[in-house]
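Listed below, chain by chain, are the residues.
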Amino acid sequence: FFKLIYFNIISFIFGQSFNINNDSYHIIINNIKYQKNKYYFSKILILIIIDFVLIFSTASLSYIIKKLTINFYQIDKELIKLYFISFLISLIYGMLSIIINRIINSNISSFIPIMILAFGELVSNKVNIISSLYQLFFPIIHEVINYTVSYNTMYGLIHLLILLCIYNIISYFVYVYVKK
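Structural notes, computed from the coordinates. These numbers come from a predicted model, not from an experiment.

Next up on the list: helix α1 (residues 2-17). In an α-helix there are 3.6 residues to a turn, and that puts residues three or four apart on one side. Between its first and last C-alpha, α1 extends 22 Å over 16 residues, near the 22 Å set by a 1.5 Å rise per residue. For α1, the set of buried residues is Y6, F7, I10, S11, F14, G15, Q16 and S17.

As enumerated under the stated definition, the model contains 16 aromatic pairs in all. Measuring from ring centre to ring centre gives 6.0 Å for F52 and F87, while their planes differ by 80 degrees; the resulting arrangement is edge-to-face. Residue F52 is located in helix α3 (residues 33-69), and its partner F87 is located in helix α4 (residues 77-104); the two are separated by 35 residues in the primary sequence. Measuring from ring centre to ring centre gives 5.4 Å for F119 and Y134, while their planes differ by 70 degrees; the resulting arrangement is edge-to-face. Taken together, the residues span a long stretch of sequence, with F119 in helix α5 (residues 112-123) and Y134 in helix α6 (residues 129-137) at a distance of 15 residues. The exposure class of F119 is partly exposed, given its relative accessible area of 44%. Three or more aromatic residues joined by ring pairs make a cluster, and in this case those are F18, Y39, Y40, F41, Y172, F173, Y175 and Y177. Over the face of the ring belonging to F18 we find K43, whose NZ or CZ atom lies 4.9 Å from the ring centre.

Let us look at the packing of α4 against helix α7 (residues 157-177). Between α4 and α7, the shortest axis-to-axis distance is 9 Å and the interhelical angle comes to 25 degrees. When the interaxial angle is binned, α4 and α7 end up roughly parallel. For the element pair α4 and α7, the recorded crossing hand is left-handed. Contacts between α4 and α7 involve F84, I85, L88, I89, L91, I92, M95, L96, I98, I99, R102 and I103 on the former and, on the latter, L157, L160, L161, L163, L164, Y167, N168, I170, S171, V174 and Y175. Of the residues contributing to the contact of α4 with α7, the split by class is 20 nonpolar, two polar and one charged.

On to the layout of surface pockets. The volume enclosed by the largest pocket comes to roughly 320 Å³. Lining the largest pocket are 15 residues, with F56, A59, S60, I80 and Y83 positioned closest to its centre. Elements with a contribution of two residues or more to the lining of the largest pocket: α3 and α4. Broken down by class, the residue content of the lining of the largest pocket amounts to 12 nonpolar, two polar and one charged.

Attention shifts here to the nonpolar core. Side chains of a nonpolar character, in soluble globular proteins, are inclined to be buried together. In this structure, F14, F18, Y40, I89, Y93, M95 and Y167 are the most contacted members of the largest nonpolar core, which totals 40 residues. Looking at this core, the elements that each hand over two or more residues are α1, α3, α4, α5 and α7. With 15 residues, α4 is the largest single contributor of residues to this core.

Parameters at a glance
Residues numbered from 1 in each chain as written. Predicted model: local features only at pLDDT ≥ 70, side-chain atom pairs only at ≥ 80, totals over all residues. Heavy atoms only, no water. Helix = DSSP H or I, 4+ residues; strand = E, 2+ residues; numbered from the N terminus. Expected span 1.5 Å × (residues − 1). Buried < 20%, exposed > 50% of the residue type's maximum accessible area, 1.4 Å probe, protein only. Phe/Tyr/Trp six-rings, centres within 6.5 Å; stacked < 30°, edge-to-face > 60°. Lys NZ or Arg CZ within 6 Å of the ring centre and 35° of its normal. Axes fitted to C-alpha atoms, helices over the stretch in contact; angles between N-to-C directions. Parallel < 35°, antiparallel > 145°, perpendicular 65-115°, else oblique. Left-handed = near helix turned anticlockwise from the far one by under 90°. Contact = heavy atoms within 4.5 Å. Nonpolar A, V, L, I, M, F, W, Y, C, P; charged D, E, K, R; others polar. 1 Å grid on protein atoms, 1.4 Å probe; cavity = no way out; pocket = protein on both sides within 12 Å on 5 of 7 lines; lining within 4 Å. Points joined across faces, edges and corners; volume = space filled by probe spheres on them. Core = buried A, V, L, I, M, F, W, Y, C linked by side-chain atoms within 4.5 Å.

This is the structure:
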């Protein structure tokens, strides 16, 4: 439930922030690429801060509720890992939302990354070549239960960072060079 709501909100915020109909600064920028660069990166920085505040407040609220209801509750490292991985994956789907929204230019296009994520959740139940290829481009969180609960992605943290950089570069070029 957390993933569905959280990724949906972040995807919508990222997509709508770069929607041409909601982007009123294009009048000021007037298609100068240097100013578009600064505008893009400042907007991405603000969106990352918003994403971080949202995930941090969710983690803090979860900790406070557990601390009040469970005696002797301590912070679980796996839960921190889950929130960090969720933060990175939300940024990836946010960048994907920017790319799709700039190309399609529709308010509904912000929800396409959520459909991609939901499809990935369905495909990931079995580990096969389709699931592996799908998660190469669209990562999801796996819950591994051995003797303790562990949260991982199929290809690891470095893969998430590389994918985030690739989607950021693509969204930058789509933002700067795709004319609408």
